[in-house]
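Structural overview
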Amino acid sequence: MNAVDTLATGYLVLELVGIFAFALSGAQLAVERDFDIVGMAVLAETTALGGGVLRDVLLGTTPAAFFQPAYLITPLIATGVVFVWHRQLERVARFVTLVDAAGVGLFCVVGTQKALLFGLPGLPAVILGATSAVGGGVLRDLLARRDPAVLRKDSQMYAIPALFGATIIAIGYWVHVTTPVLAVAAAAVAFALRMLALRYNWRAPHPRR
Amino acid sequence: MNAVDTLATGYLVLELVGIFAFALSGAQLAVERDFDIVGMAVLAETTALGGGVLRDVLLGTTPAAFFQPAYLITPLIATGVVFVWHRQLERVARFVTLVDAAGVGLFCVVGTQKALLFGLPGLPAVILGATSAVGGGVLRDLLARRDPAVLRKDSQMYAIPALFGATIIAIGYWVHVTTPVLAVAAAAVAFALRMLALRYNWRAPHPRR
Amino acid sequence: MNAVDTLATGYLVLELVGIFAFALSGAQLAVERDFDIVGMAVLAETTALGGGVLRDVLLGTTPAAFFQPAYLITPLIATGVVFVWHRQLERVARFVTLVDAAGVGLFCVVGTQKALLFGLPGLPAVILGATSAVGGGVLRDLLARRDPAVLRKDSQMYAIPALFGATIIAIGYWVHVTTPVLAVAAAAVAFALRMLALRYNWRAPHPRR
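Residues numbered from 1 in each chain as written. Chains lettered and ligands numbered in written order. Predicted model: local features only at pLDDT ≥ 70, side-chain atom pairs only at ≥ 80, totals over all residues.

Description of the overall build of chain A
Helix and strand content of chain A: seven helices and zero strands. Put simply, chain A runs from its N terminus to its C terminus through helices and strands in the order α-α-α-α-α-α-α. Relative to the compact-globule value of 17 Å for 209 residues, chain A shows a C-alpha radius of gyration of 17 Å, a close match. Viewed in the frame of its principal axes, chain A has a C-alpha envelope of about 55 × 50 × 30 Å. Each of the 209 residues in chain A was classed as buried or not, and the buried ones make up 56%. Looking at chain A alone, contacts between residues at least 24 apart form 71% of all its contacts between residues at least 6 apart. (Helix = DSSP H or I, 4+ residues; strand = E, 2+ residues; numbered from the N terminus. Rg over C-alpha atoms; globule rule 2.2 N^0.38 Å. Buried ≥ 20, exposed ≤ 12 C-beta atoms within 10 Å, placed from the backbone. Contact = placed C-beta atoms within 7 Å.)

Shown next as structure tokens:
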């Protein structure tokens, strides 16, 4: 395997780990809501892939998830894991949160890059990038009928780290900096912001009533 | 009328009967939820055509429903029927369930075939095929704000028959069997599974809490 | 600036005023639901642009909102206005309703015209036109988890004026009348119907239970 293949494989593995973490949160919510295994699989797939599918539909391209079987199979594995071990998973909740935050970092970067590649201006590219990262969670919450986490006052800024990461990529693109180093930095910033927001219970501003 | 035309007409009639049954369930839910006639028409159209529209949007093609007026008019007729006779319809509930199950059988087959025709691999084609059959019901439940039937533990396996029918088509395609006989068989299997699940109150597995 | 440019600018200003009014209703609902500023911005963008985005996705074209920065920025300004002055805005509620009704009139006309331009037959063009006008509100209500206003018995016919305006455009197109005068007339009819429905508390028919 040459260097490029190694990079591509490493990248796919990263994506699948993020997809797995997202899918766990979907399947776990299905257990909480007392859904059956079909409901678990639907919520797992939707949470894991919904953001990217939404981005691709808005870009007018067939969802990438359809052409890489691993994308569709990973949430099914997560469904099986949650089905069998959902009680034990609570013990590793902190670890799952960590991987979930890494997923947010990765997907906001990838989503923004794809939107820019499709010729979108900066602002919509940032919005689509953040949608890639948090859109699956919104669809999950809609299907499970609870307030979308991303809208709530107690959401510890779920969307803001993704918007930051996406904005870094868009600014880089604007000044013709598109190195992988910037992508890694942007993902790291989004990841760190998300972890700090969780750790210190940061909240986004909300209007006084 | 020659044989091909007769087949095509028979096929369209079948589709419209399935669409009519789906639309009835949408309009009836609107009555239960105390919506007005616009709400009834919106739920009827969404239930009847939403699955196919979702499939076509995900395939990146203009929804087929837009180019066959009968597809859009049939749910309006169902709305009128429910508006006038919604109390009497309860007496034929069993018959409507039968036609609804036939619709699930038909649409999971048609949806999978279309996805394969668009070059999708087997697994996403199966998912899109099942989405064609049950996606309209999910959208209906979202608009009417109740738990999507397809996710619920007491759903008597609404999605599983559709997944079975879709899988038969995908396997057939894989081994180069695409005869109409297989399509009819797959639709019949989905229909029979759905009716058996209803009759014997079959449930999909669900996690122990 | 020549006459054509003046017209185009006037038209864009009209659209932005409509978008602003729609966005206000989204941001205000977010305040009622106790969301944070991200939730306000998401609801503002969704309410203002969701109908047009839905229309464009169904037409298979990249949403127009992505290529005109003013479309995306206007809801952010509305979010800021609501964030600071949400209590004072109640005093101008009547004025906001007026602008909102004007938005419904404008967007049902623009949406129908675009759908006809894309080669859709009359009935789906009318449906997409009405969707442009009221679809954003449906998405807003879904995200905020309340019954979509457009379905409710007490909705004072939110969708019907839009359907009327859209139908006028479609009939005009059918008889080859596509003058701007007809567009203005259709928008005015939708606007007037909406205002009359609000003033006299008109309701659409609903089934007897």
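Some remarks on the relation of the copies chain C and chain B
Rotating chain C by 120 degrees about the axis while translating it 0.0 Å along that axis superimposes it on chain B, leaving an RMSD of 0.0 Å. The transformation just described matches what one would write down for a three-fold rotation axis. Relative to the rotation axis, the C-alpha of G60 of chain C is the closest in chain C, positioned 3.8 Å from it. Little of the interface of chain C is mirrored in chain B: 16% of its interface residues are interface residues there too. (Least-squares fit on C-alpha atoms with pLDDT ≥ 70 in both.)

Quick look at the interface of chain B and chain A
Contacts between the two partners involve 24 residues from chain B and, on the opposite side, 23 residues from chain A. Here the side of chain B that touches chain A is built from residues that sort into 17 nonpolar, three polar and four charged. (Nonpolar A, V, L, I, M, F, W, Y, C, P; charged D, E, K, R; others polar.)

Quick word on the environment of L123 of chain A
Positionally, L123 of chain A belongs in helix α5 (residues 122-143). Residues L123 of chain A and L196 of chain A, spaced 73 residues apart in sequence, show a C-alpha to C-alpha distance of 25 Å. Beyond its immediate stretch of four places on either side in the chain, L123 of chain A contacts P69 and L72 of chain C.

Focus: the relation of the copies chain B and chain A
The operation relating chain B to chain A is a screw motion whose rotation component is 120 degrees, with 0.0 Å of axial translation and a residual RMSD of 0.0 Å. When the interface residues of chain B are mapped onto chain A, a mere 12% of them again lie at the interface, so each copy presents a different face.

Brief notes about the interface of chain C and chain B
Listed as interface residues are 25 residues of chain C and, on the opposing side, 23 residues of chain B. Mapped by element, the contributors of at least two residues to the side of chain C that touches chain B are α2 (37-59), α5 (122-143) and α6 (159-174) of chain C. Looking at the side of chain C that touches chain B element by element, the count peaks at four residues for α5 of chain C. Of the residues that constitute the side of chain C that touches chain B, the class distribution is 17 nonpolar, three polar and five charged.

Describing the packing of helix α4 (residues 93-117) of chain B against helix α5 (residues 122-143) of chain B
Residues and elements named next belong to chain B. Following both chains from N to C, one finds α4 and α5 inclined at 140 degrees, their axes separated by 7 Å at the closest point. Of the two elements, α4 crosses α5, and the hand of that crossing is right-handed. From α4, V104, F107, C108, V110, G111, T112, A115 and L116 reach across to α5, where they touch P124, A125, V126, L128, G129, A130, T131, S132 and A133. Of the residues in the contact of α4 with α5, the class split is twelve nonpolar, five polar and no charged. (Axes fitted to C-alpha atoms, helices over the stretch in contact; angles between N-to-C directions. Left-handed = near helix turned anticlockwise from the far one by under 90°.)

Regarding the environment of L16 of chain B
All names here are of chain B. Note on placement: L16 falls in helix α1 (residues 3-32). Separated by 38 residues in sequence, L16 and L54 place their C-alpha atoms 18 Å apart. Residues in contact with L16, not counting those within four places in the same chain, are A70 and T74.

Topic: the confidence of the model for chain A
Averaged over every residue, the pLDDT of chain A is 92; residues scoring 70 or more account for 100%. Across the interface, the model reports ipTM at 0.91; the global pTM reads 0.93. (pLDDT = per-residue confidence, 0-100.)

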